[in-house]
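# Notes for the structure review
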Amino acid sequence: MRIIVLGGDGYLGWPTAMRFAARGHEVWAIDNYLRRQMALETCSEPLFPSPNLIDRAAIFHSVTGHTVRPVVGDCTDPATMFSLFAEVRPNVVVHYAEQPSAPYSMMGFDTARRTLRNNLEATFNTIWACLERAPDCHIIKLGTMGEYGTPNIDIEEGWLDVSHKGRKDRFLFPRAAGSLYHTTKVLDTDLLWFYVRLYRLRVTDLMQGPVYGISTSEADHDRRLMPNFHYDDIFGTVVNRFLVQAVAGIPLTVYGGGGQTRGYLNLNDTLQCIELAADNPPQPGELRIMNQFTETFSVNELAERVVEAGRSRGLKVAIRAVPNPRQEKEHHYYNPAHSALIDLGLQPNPMTTEVLGEMLDRVREHADRIVVDRILPRVSWNREVSA
Ligand SMILES: NC(=O)c1ccc[n+]([C@@H]2O[C@H](COP(=O)([O-])OP(=O)(O)OC[C@H]3O[C@@H](n4cnc5c(N)ncnc54)[C@H](O)[C@@H]3O)[C@@H](O)[C@H]2O)c1
């Protein structure tokens, strides 16, 4: 297949580009380094530096013989997108090119506006580049489980059958996002659904949970091919923050009551899911939504797992509750369906003590680069506090 990865320099985009290239597909990876720039602007650089997209692609080629074609460009620029799609005529586009941080989107007007414009325009241009230049292209879009929020009923995979006053219909599952970033994902889904209905696009929208892991079969060839590892409060996920705190010898900071439950998955499972989606495209006129996670954990459970992994590596790890900077339910019902990807063939890699232990080993290699000040919350959802 001819595949374009939008956001190909990112945490998920780079491993995805390598995986498809290693499988023999023709791969283009486009990125405008927005993530690197935002990290610099907010003092949130990753734990270890990674070569830029062009250098990574060259290293990957020299180490494996496989080719990822790097493109430095902005997906919010229609001319860039139209000419790329005209040149490539992709069968598949994997759309990761968004501002993915909830705290960044909640810092204030400028970051909120940047998130809104970047994410919506990248999605809008992807839709139109397909319509105008590659109408049969399968769009694989990364959404988030955060689109649903934490409703007091079971979460279905994208759709809800509703009976109302004796009549029945199927609707997008109600969404209730908890940050502006997550709200842009809801809006993305609505945009995609509109154009699927209108112009018979074929779209897979993957409602993904937080991803952890830095080891993939391609990245493991050479340390310079490793994906980004952010551990700060703005771009780091809770798993990465806890692992770095464990290595730094400071308590794991649980936000509030710690009962916030989410669906998580290993980076290798993200790669499986994207491949499965690409290999099994939906029909034209279909918006296929799948919930992409393998296990659910509360924040307290995650902390306990990191304590256990630390113990396996001789680290004594403590846990400390801190005031929650977010507005979210700290104890809630959570039972999302997630069978569609399993039905396609996903074989989950669970979060074992050994998996976390191997991540701890990698973090320890870079322990001298840890800046502990950037792990504690710097952004609050409460405007009075953050002003
Ligand atoms: N990582 C997770 O745990 C997770 C969970 C759920 C959903 N997602 C979604 O998956 C996608 C990828 O996430 P990630 O963790 O790899 O984030 P990331 O920030 O590491 O990667 C996104 C990449 O897209 C690039 N980008 C952003 N806007 C762009 C633009 N206008 N033009 C070109 N490139 C642009 C960035 O520079 C970055 O390299 C995001 O849409 C995110 O919302 C991620």
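Scroll up to find the structure.
Just so you know, these numbers come straight off a predicted model, no measurement behind them.

## So, helix α3 (residues 53-64)
Over its 12 residues, α3 runs 16 Å from end to end, which matches the ideal 16 Å to within 8%, given 1.5 Å per residue. Among all positions of α3, only L53, R56, A57, I59 and F60 are buried. Looking straight down α3, one finds its buried side chains confined to an arc of 165°; they lie on one side. Of the surrounding elements, those touching the buried residues of α3 are α1 (13-22), β2 (26-31), α2 (34-41) and β3 (68-72). Between the side-chain oxygen at the start of α3 and the backbone nitrogen of I54 there is a gap of 3.1 Å, and the oxygen is on N52. Looking one or two residues beyond α3, the residue adopting positive phi is G65, at roughly 85°.

## Here we look at the sheet that holds strand β11 (residues 261-266)
Strand order in the open sheet made by the three strands is β9-β11-β13, with mixed pairing throughout. Edge strands, defined here as strands with exactly one partner in the open sheet, are β9 (211-212) and β13 (295-298). Note that β9 and β11 share two bridges and pair parallel. Bridged to V211 within β11 is L265. Each of β11 and β13 touches helix α10 (residues 299-312); the most contacted strand, β13, lies at about 95° to it.

## A word on a nonpolar patch on the surface
A contiguous nonpolar surface patch, about 290 Å² in accessible area, is contributed by F194, L198 and Y199. On the secondary structure map, Y199 appears in helix α7 (residues 180-199).

## Looking at the pairing of strand β5 (residues 138-144)
Here β5 lies mainly inside the structure; seven of its seven residues are buried. Burial of β5 is two-sided: the residues H138, I140, L142 and T144 facing one way and the residues I139, K141 and G143 facing the other way are all buried. Note: β5 against strand β8 (residues 202-208), seven bridges, orientation parallel. Across the sheet, I140 pairs through a bridge with T204, a residue of β8.

## Things to note about the site of the ligand
The local shell around the ligand holds 28 residues, among which Y11, D31, R35, Y181 and K185 are the closest. Between the ligand and the protein, one listed contact pairs an oxygen atom with a backbone N or O atom of G10 at 3.2 Å. In this structure, an oxygen atom belonging to the ligand sits 3.0 Å away from a main-chain N or O atom of L34. Contact with the protein chains hides 96% of the accessible area of the ligand, taken as 810 Å² for the molecule alone. Contributions of two or more residues to the shell around the ligand are made by α2, β5 and α7. The residue makeup of the shell around the ligand, split by class, is 12 nonpolar, 10 polar and six charged.

Rules used throughout
- Residue numbering note: each chain is counted from 1, following its sequence as written.
- The predicted origin of the model limits local features to residues at a pLDDT of at least 70 and limits the giving and counting of side-chain atom pairs to 80 or more, whereas totals for whole chains, interfaces and linings rest on all residues.
- Hydrogens are left out, water is left out, and the side-chain values use all remaining heavy atoms of the structure.
- Strands here mean DSSP runs of E at least two residues long; helices mean DSSP runs of H or I at least four residues long; both are numbered from the N terminus.
- A helix is expected to span 1.5 Å for every residue after the first.
- Working definition: with a 1.4 Å probe on protein chains only, accessible area under 20% of the residue-type maximum means buried, over 50% means exposed, and in between means partly exposed.
- Of all possible arcs, the one meant is that of the directions from the helix axis to the C-beta atoms.
- Only heavy atoms matter for contacts: two residues are in contact if any of them lie within 4.5 Å across the pair.
- Two N or O atoms form a polar contact when they lie within 3.5 Å of each other; inside protein one atom must be a possible hydrogen donor and the other a possible acceptor, and for residues adjacent in sequence the pair counts only when both atoms belong to side chains.
- Strand pairing is assigned whenever DSSP identifies at least 2 bridges connecting the two strands.
- The angle between two axes is taken between their N-to-C directions and runs from 0 to 180 degrees, where each axis is a line fitted to C-alpha atoms and a helix contributes only its stretch in contact.
- Patches here: salt-bridge-free residues with over 30% relative accessible area, like charges joined within 9 Å, nonpolar side chains (Val, Leu, Ile, Met, Phe, Trp, Tyr) joined within 5 Å.
- All accessible areas in this document rest on Shrake-Rupley with a 1.4 Å probe, and a residue is counted as covered only by the protein chains that are shown.
- For this document, the term salt bridge refers to a Lys or Arg side-chain nitrogen within 4 Å of an Asp or Glu carboxyl oxygen.
- Put simply, a residue is near a molecule or strand once any heavy atom of it comes within 4 Å of that molecule or strand.
- Gly is put with the polar residues, along with every residue not named as nonpolar or charged; the nonpolar set is Ala, Val, Leu, Ile, Met, Phe, Trp, Tyr, Cys and Pro, and the charged set is Asp, Glu, Lys and Arg.

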